Amino acid sequence: MRSTSVDQLLQGRAAGVRVTNAGGAPDGGVSINIRGMSSFNDTQPLYVIDGVIINSSGSSATLLSDDGNYDEDINGLIGLNPSDIANIEILKDASATAIYGALGANGVILITTKEARTEKPAILLSVGTDISHRYKKMDLMNFDEYVAYLSVLDKNHDVLPYIYEDPYEMTGLKVTPVDWQDYVMRTAVSQRYNVSISGKPSKMSYNLSLGYTNTQGIIKGTEVDRYTARLN
């Protein structure tokens, strides 16, 4: 499967680089650690794209839930299209601090984007589809087994007065057993479309790229649409 985000490109690229997802959402925050834990409050590396320093890969967003606001980490590098990346270099130890000083104390990730290679205009179109599925299904109790389990724990029926002879009738309401794993999970189908046009005339070069990615999570209701545009 082709990488759809920068953090996927970083996985396994260098020894000692740890990429940890803060959550299972498609746009969930990402923690990247190059030099291990240190005394610094922020252990995230420095990101430099085409010589320009950008913010860390993790940022916080306040979302609205049914019972109030809550904070969730989001991936700050999600706006960078992996199809636009030509090379990624990871600097650590003395090589990072020698160039960027204290800013590179946690390591530096150098990202170089693509440039035009031919004099004549070149058009590149790429389309892809990814399919994701849960790794495995947990072996959990069904409704009958759960009621029997609670009955054993509560032999005096002090806690379960609502369980009648019919285990599917509770407080006068019919209860339909539901396999919640099947109910909330799905086979996720993600799509990506990228188009770029580049050229290198006599005294200038240009590269224009447009991208659209729809990434679905295996949990229903989790997905993210990403639109990217880049002009170099």
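The shown structure was predicted, so the numbers you read here are calculated from the model rather than taken from an experiment. (Residues numbered from 1 in each chain as written. Predicted model: local features only at pLDDT ≥ 70, side-chain atom pairs only at ≥ 80, totals over all residues. Heavy atoms only, no water.)

Caption draft 1: Representation of the packing of aromatic side chains within the structure. The tally for this structure, following the rule as stated, stands at three aromatic pairs. Ring geometry for Y193 versus Y212: centroids 6.4 Å apart, planes at 15 degrees, classification stacked. In this pair, Y193 sits in strand β12 (residues 188–199) while Y212 sits in strand β13 (residues 206–216), placing the two residues 19 residues apart along the sequence. A relative accessible area of 26% means that Y212 is categorised as partly exposed. A centroid spacing of 4.9 Å and a plane angle of 40 degrees characterise the contact between Y212 and Y227, whose relative ring orientation is tilted. Pair noted here: Y212 is in strand β13 and Y227 is in strand β14 (residues 223–231), with a separation of 15 residues, a long-range link. One Lys or Arg, K220, reaches over the ring of Y183 and ends 5.7 Å from the middle of that ring. (Phe/Tyr/Trp six-rings, centres within 6.5 Å; stacked < 30°, edge-to-face > 60°. Helix = DSSP H or I, 4+ residues; strand = E, 2+ residues; numbered from the N terminus. Buried < 20%, exposed > 50% of the residue type's maximum accessible area, 1.4 Å probe, protein only. Lys NZ or Arg CZ within 6 Å of the ring centre and 35° of its normal.)

Caption draft 2: Representation of the nonpolar core in the model. One finds V6, L10, I32, I109 and I111 to be the most contacted residues of the largest nonpolar core, which totals 15 residues. For this core, the secondary structure elements donating two or more residues are α1 (6–10), β2 (30–33), β3 (46–49), β7 (85–91) and β8 (108–113). The element contributing the most residues to this core is β7, with three residues. The next biggest cluster of nonpolar side chains, apart from the first, holds six residues, and it includes L46, L91, A96 and L110. (Core = buried A, V, L, I, M, F, W, Y, C linked by side-chain atoms within 4.5 Å.)

Caption draft 3: Representation of unusual backbone geometry in the model. You will see that D50, though not glycine, has its phi angle at about 50 degrees, which is positive. Here D50 is to be found in the loop between β3 and β4 (52–54). Residue D50 is classed as partly exposed on the basis of its relative accessible area, which comes to 42%.

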